[in-house]
Amino acid sequence: MNKLKNITLGLLLCTSAMMAQKAKPYSKSLADDSNSKFAKVWNVDMDAVKWTNGFWADRFNISKDTMIFDMWRVLKDPNISHAYRNFEIAAGVKEGEHFGPPFFDGDFYKWFESVAAVYTITHDPKLDKLMDEIIGVISKCQREDGYIHTPVIIKERKEKKKTEFENRLNFETYNLGHLMTAGCVHYRATGKKTLLNMSIKATDYLYNFYKRSSPELARNAICPSHYMGVVEMYRTTKDPRYLELAENLINIRGLVEKGTDDNQDRIPFRKQMKAMGHAVRANYLYAGVADIYSETGEDSLMTCLKSIWNDVTNRKMYITGACGALYDGTSPDGTSYEPDSVQKVHQSYGRAFQLPNHTAHNESCANIGNMLWNWRMFQLTGDAKYTDIVETVLYNSLLASLSLDQKRYFYTNPLSVSADFPYKMRWSKTREDFISCYCCPPNIARTMAEVQDYVYSVSAKGVYVNLYGGSALSSELKDGSKVKLSQSTDYPWNEKVTINVDLAPKKAFSIFLRIPGWCNKATLLVNGKAADVKLVSGQYAELNNTWTKGDKLELTLDMPAKLMASNPLVEETRNQVSVKRGPVVYCLESKDIPAGTKLADIAVPASIKLTPKEVTIDNSRMMSLEGQAICTPSGDWSNSLYKEIPADVKKVSVSFVPYYAWGNRGKADMEVWVPLAR
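Just so you know, these numbers come straight off a predicted model, no measurement behind them.

Caption draft 1: Quick peek at the overall build of the protein chain. A tally of regular secondary structure across the protein chain gives 16 helices and 24 strands. Expected size for 678 residues packed as a compact globule is a radius of gyration near 26 Å; at 26 Å, the protein chain falls within 12% of this value. Projecting the C-alpha coordinates of the protein chain onto the three principal axes gives extents of approximately 105 × 70 × 45 Å. Looking at the protein chain as a whole, 59% of its 678 residues qualify as buried. For the protein chain, the share of sequence-separated contacts (at least 6 apart) that also reach a separation of at least 24 residues comes to 70%.

Put into structure tokens, the structure is as follows:
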């Protein structure tokens with residue numbers, strides 16, 4: 001009997017050892033939803049996807065070779081940004097005062113995350129060393145109770161008393177949220193817990209803070225990046241207190257008195273059915289709530305998210321995927337104060353169909369927030385309509401926010417620019433290497449460094465191909481089976497995508513191919529034969545098979561240039577059209593019309609034939625669209641509000657360029673929407 005017990009015990013130990021050997025020590029995905037009960041689609045590891053060639057490979061190479069280092073130059077130079085110097089002063093290694101906006105810490109963490117994301121792919125020892133050195137400084141800034149915020153820490157060093165959360169505009173929870181996210185990404189990229197341990201202390205601090213704070217004090221949580229951060233800390237550590245904290249963040253938001261639409265707390269979140277207020281804060285909130293839903297499955301949260309999504313997508317989002325139409329304004333609904341008055345909003349969603357072009361705000365961070373939110377909605381549902389918006393943002397409002405050399409940035413992203421505009425907007429019409437409000441450039445940097453993490457996903461049924469670009473996937477199915485795929489394509493300039501199966505388990509699984517919503521006609525060959533599957537625009541096509549090495553899928557996405565119209569309730573673009581080819585929105589620059597012609601005098605006939613032409617702008621290859629437009633010269637408009645238009649009309653040659661490329665050839669007027677010639 002003892003011998004039998006020993007044999008049984010030995011087998012159990014051997015089996016356990018084998019399972020332990022197979023099990024990954026920790027998740028390496030950008031956002032680890034692999035154990036989220038209500039997620040239907042899961043991220044692959046950050047090192048599972050590598051760009052091989054083409055559009056996004058070119059941009060990632062600039063990110064890893066130029067962008068992150070150029071941004072480090074800016075962040076560490078106290079004569080430019082003071083962001084890193086604030087940490088050095090708070091750490092006690094330098095003397096001085098805090099300088100810059102209160103959210104500088106969070107912006108620095110975002111840049112740090114971009115370095116970790118690049119390191120995941122390159123394993124460059126210089127990046128590892130740099131991150132270790134930076135963590136060494138940041139760790140000296142953190143209080144024993146976990147609190148860290150350089151303006152307060154520097155002040156406390158001098159006044160010898162705790163002063164946290166004295167000012168609700170100090171962005172403390174925003175900064176802590178980005179520390180949490182950076183800590184998780186750094187851990188997954190390197191296996192080191194140095195920054196993660198700091199993030200744990202910070203999350204513990206926040207947990208205890210919300211346990212003891214009043215709703216009025218808790219409303220200091222503006223720009224809620226910490227919703228996503230806290231959920232990611234729960235996923236990483238499995239500490240149930242962090243999920244409790246995440247749920248409490250929504251609950252306590254509903255207790256705020258005299259809240260504002262600007263901060264999305266005028267009414268409890270569970271009663272919000274429309275997008276309101278500051279677009280960055282809103283989109284971060286919606287993304288964070290989606291993360292909470294993935295863990296809890298609370299139906300009321302999803303009801304709100306779907307209603308708000310419909311409001312944004314069908315009534316408040318620009319064709320580029322950008323969000324937040326208003327620089328400043330008043331809330332259409334908020335009247336909380338005595339005496340009754342409408343509330344101020346800024347960088348905000350406006351009313352339905354309120355989408356100006358010259359004065360569009362469209363902060364780059366809001367557009368990235370829109371992408372983050374839609375990505376999470378896709379993970380929860382597997383619905384391609386959300387991935388379509390992820391793609392729209394990536395190719396348009398994200399890429400437009402930085403120069404082609406990836407050294408200069410926009411804070412705002414208008415869809416119309418004119419030198420004749422009668423007043424100066426708050427933010428520059430040209431991209432700048434340093435913006436006084438520096439939240440956007442590091443956010444852009446981390447997003448550019450992480451695009452490959454959105455290309456493929458896995459589910460219980462197989463592999464999702466979400467985005468198209470030259471890339472290689474080496475991952476696992478949900479049961480641990482190894483799978484390798486590779487893409488070869490010149491997308492978005494060419495309509496053909498080839499996907500090769502390079503490794504597959506000896507069992508059936510599905511490959512899901514996204515048929516973009518913009519594509520009206522698609523064809524698919526599997527090993528040279530027409531696939532027996534419906535290819536529906538705006539849906540994933542599922543191909544279930546026992547795949548073998550060498551299998552080939554050839555997808556063709558019909559990609560003609562199209563004229564797009566807006567809902568006629570959008571006053572600013574009524575009777576105008578924009579040009580789109582594939583996922584790319586185009587624009588017309590004054591450099592691409594005949595000399596002496598004004599953009600305002602150009603109209604596009606509905607029958608225009610637009611021909612793709614390969615061009616290079618600032619060493620970046622792309623496709624322009626060439627065609628014949630109509631010009632009605634209107635003359636000089638100075639000192640005129642209205643005037644008679646002459647009857648003479650002439651045809652002119654025009655060239656549309658991708659919206660993301662505008663402004664890379666010097667100053668120029670620009671229009672996304674052009675009048676339609678009837």
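There's more to say after this.
Caption draft 2: Inspection of the packing of aromatic side chains at higher detail. Scanning all chains against the criterion turns up 30 aromatic pairs. For the ring pair phenylalanine 55 and tryptophan 56, a centre distance of 5.2 Å and an interplane angle of 75 degrees mean the geometry is edge-to-face. Phenylalanine 55 gets classed as buried once you look at its relative accessible area, which sits at 6%. Plain terms: the ring middles of tyrosine 205 and phenylalanine 209 are 6.2 Å apart, the flat faces sit at 15 degrees to each other, and that makes the pair stacked. Placement of both tyrosine 205 and phenylalanine 209 in helix α8 (residues 194–212) is noted, with a separation of four residues, approximately one turn of the helix.

Caption draft 3: Focus on the sheet that holds strand β6 (residues 456–458). In space, the five strands of this open sheet follow the order β1-β6-β7-β11-β14, with mixed pairing throughout. The sheet is open, and its two edges are formed by β1 (42–43) and β14 (539–545), each paired on a single side. Strand direction decides the pairing type here: β1 and β6, joined by two bridges, are antiparallel. The residue bridging asparagine 43 from the neighbouring strand is serine 457, located in β6. Strand contacts of helix α15 (residues 384–398): β11 (509–515) and β14, with the helix running at about 55 degrees to β11, the strand carrying the most contacts.

Caption draft 4: Summary view of the pattern of salt bridges. Evaluation of the coordinates by the stated rule reveals 34 salt bridges. Here arginine 235 and glutamate 232 are joined by a salt bridge, their closest N and O atoms 3.0 Å apart. Residue arginine 235 and its partner glutamate 232 are located together in helix α10 (residues 225–237), separated by three residues, close to a single helical turn. Each member of the pair, arginine 235 as well as glutamate 232, carries the same accessibility label: buried. For the salt bridge of arginine 241 with aspartate 239, the shortest nitrogen-to-oxygen distance reads 2.9 Å.

Caption draft 5: Broad picture of the sheet that holds strand β10 (residues 496–503). Strands sit in the order β2-β8-β9-β10-β15-β12-β13 across an open sheet of seven strands; the sheet is antiparallel. Each having just a single partner strand, β2 (49–53) and β13 (529–530) make up the two edges of the open sheet. As defined by bridge partners, strand β8 (residues 470–476) adjoins strand β9 (residues 482–489) across six bridges and the pair is classed as antiparallel. Residue pairing for β9: serine 471 is matched across the bridge by glutamine 487.

Caption draft 6: Expanded view of the pairing of strand β7 (residues 462–465). Across three bridges, the pairing between β6 and β7 is antiparallel. In the sheet register, valine 458 faces β7, and the bridge partner there is valine 463. Here β6 hands over to β7 after three residues, the two strands then running antiparallel side by side. Note: β7 against β11, four bridges, orientation parallel. Each bridged residue has a counterpart across the sheet, and for valine 463 the counterpart in β11 is isoleucine 511.

Caption draft 7: Up close: the nonpolar core. Grouped together as the largest cluster of nonpolar side chains are 222 residues, with contacts concentrated most on Phe108, Trp111, Phe269, Leu553 and Phe656. Each residue touching phenylalanine 269, except ones within four places of it in the same chain, is listed here: Ile250, Arg253, Leu285, Tyr286, Val289, Leu301, Cys304, Leu305 and Ile308.

Caption draft 8: Representation of helix α7 (residues 172–190). Relative to the 27 Å expected for 19 residues at 1.5 Å per residue, α7 spans 27 Å between its end C-alpha atoms, a close match to the ideal helical length. Most of α7 sits inside the fold, with 19 of its 19 residues counted as buried. Phi turns positive, to about 80 degrees, at glycine 191, one or two residues after α7.

Caption draft 9: Molecular detail of helix α11 (residues 240–253). When the terminal C-alpha atoms of α11 are compared, their 20 Å separation across 14 residues agrees well with the 20 Å that a helix rising 1.5 Å per residue should span. Along α11, the residues that are buried comprise Tyr242, Leu243, Leu245, Ala246, Leu249, Ile250, Ile252 and Arg253.

Caption draft 10: Local environment of unusual backbone geometry. Cis geometry marks the peptide bond from tyrosine 491 to proline 492, where omega comes out at 10 degrees. Inspection of the secondary structure assignment puts proline 492 in the loop between β9 and β10. With a phi angle near 50 degrees, aspartate 618 is a residue other than glycine that sits in the positive phi range. Mapped onto the elements of the fold, aspartate 618 is located in the loop between β20 (611–617) and β21 (620–631).

Caption draft 11: Highlighting the side chain of arginine 376. Considering the arrangement of structural elements, one finds arginine 376 in helix α14 (residues 364–381). In this view, arginine 376 contacts Ala31, Met228, Ala287, Ala290 and Asp291; residues no more than four positions away in its chain are not counted.

Caption draft 12: Layout of the packing of helix α12 (residues 279–296) against helix α13 (residues 299–316). In the contact formed by α12 and α13, the axes pass within 9 Å of each other and the chain directions differ by 145 degrees. Here the hand of the crossing between α12 and α13 comes out left-handed. Only Asp299, Leu301, Met302, Leu305 and Ile308 of α13 make contact with α12, whose side of the interface consists of Tyr286, Val289, Ala290, Ile292, Tyr293 and Thr296. Looking at the contact of α12 with α13, its residues break down into nine nonpolar, one polar and one charged.

Caption draft 13: Spotlight on the environment of valine 654. Along the chain, valine 654 falls in strand β22 (residues 650–658). Relative accessible area serves as the criterion here: at 3%, valine 654 is assigned to the buried category. Sequence-distant contacts of valine 654, that is, excluding residues within four places in its chain, are made with Leu588, Asp592, Ile593, Ile602, Leu625, Glu626, Gly627 and Ala629.

Caption draft 14: Examining the confidence of the model for the protein chain more closely. The share of residues in the protein chain with pLDDT of 70 or more is 92%, and the mean pLDDT across the chain is 90. Across residues 1–23, where pLDDT falls below 50, the model places zero contacts with residues more than four positions away in sequence or in other chains. Within the model, pLDDT remains below 50 along residues 335–340, and this stretch shows 13 contacts once partners closer than five positions in the same chain are excluded.

Caption draft 15: Here's a closer look at the side chain of serine 416. The residue serine 416 is located in strand β5 (residues 416–417) in this model. In terms of polar contacts, serine 416 uses its side chain to reach the side chain of histidine 358, at 3.1 Å. Excluding residues within four positions of it along the chain, serine 416 makes contact with Asn357, His358, Met670 and Glu671.

Caption draft 16: A look at the packing of helix α3 (residues 83–91) against helix α4 (residues 104–122). At their nearest, the axes of α3 and α4 sit 9 Å apart, and the two run at 110 degrees to each other. When the axes of α3 and α4 are compared, the pair comes out roughly perpendicular. Classified by chirality, the crossing of α4 by α3 is left-handed. Of α4, the residues touching α3 (which contributes Ala83, Tyr84, Asn86 and Phe87) are Phe104, Asp105, Phe108 and Tyr109.

Each value, and the rule that gives it
- Residues numbered from 1 in each chain as written.
- Predicted model: local features only at pLDDT ≥ 70, side-chain atom pairs only at ≥ 80, totals over all residues.
- Heavy atoms only, no water.
- Helix = DSSP H or I, 4+ residues; strand = E, 2+ residues; numbered from the N terminus.
- Rg over C-alpha atoms; globule rule 2.2 N^0.38 Å.
- Buried < 20%, exposed > 50% of the residue type's maximum accessible area, 1.4 Å probe, protein only.
- Contact = heavy atoms within 4.5 Å.
- Phe/Tyr/Trp six-rings, centres within 6.5 Å; stacked < 30°, edge-to-face > 60°.
- Pairing = 2+ DSSP bridges.
- Axes fitted to C-alpha atoms, helices over the stretch in contact; angles between N-to-C directions.
- Salt bridge = Lys/Arg side-chain N within 4 Å of Asp/Glu carboxyl O.
- Core = buried A, V, L, I, M, F, W, Y, C linked by side-chain atoms within 4.5 Å.
- Expected span 1.5 Å × (residues − 1).
- Left-handed = near helix turned anticlockwise from the far one by under 90°.
- Nonpolar A, V, L, I, M, F, W, Y, C, P; charged D, E, K, R; others polar.
- pLDDT = per-residue confidence, 0-100.
- Polar contact = N/O pair within 3.5 Å; in protein donor to acceptor, adjacent residues only side chain to side chain.
- Parallel < 35°, antiparallel > 145°, perpendicular 65-115°, else oblique.

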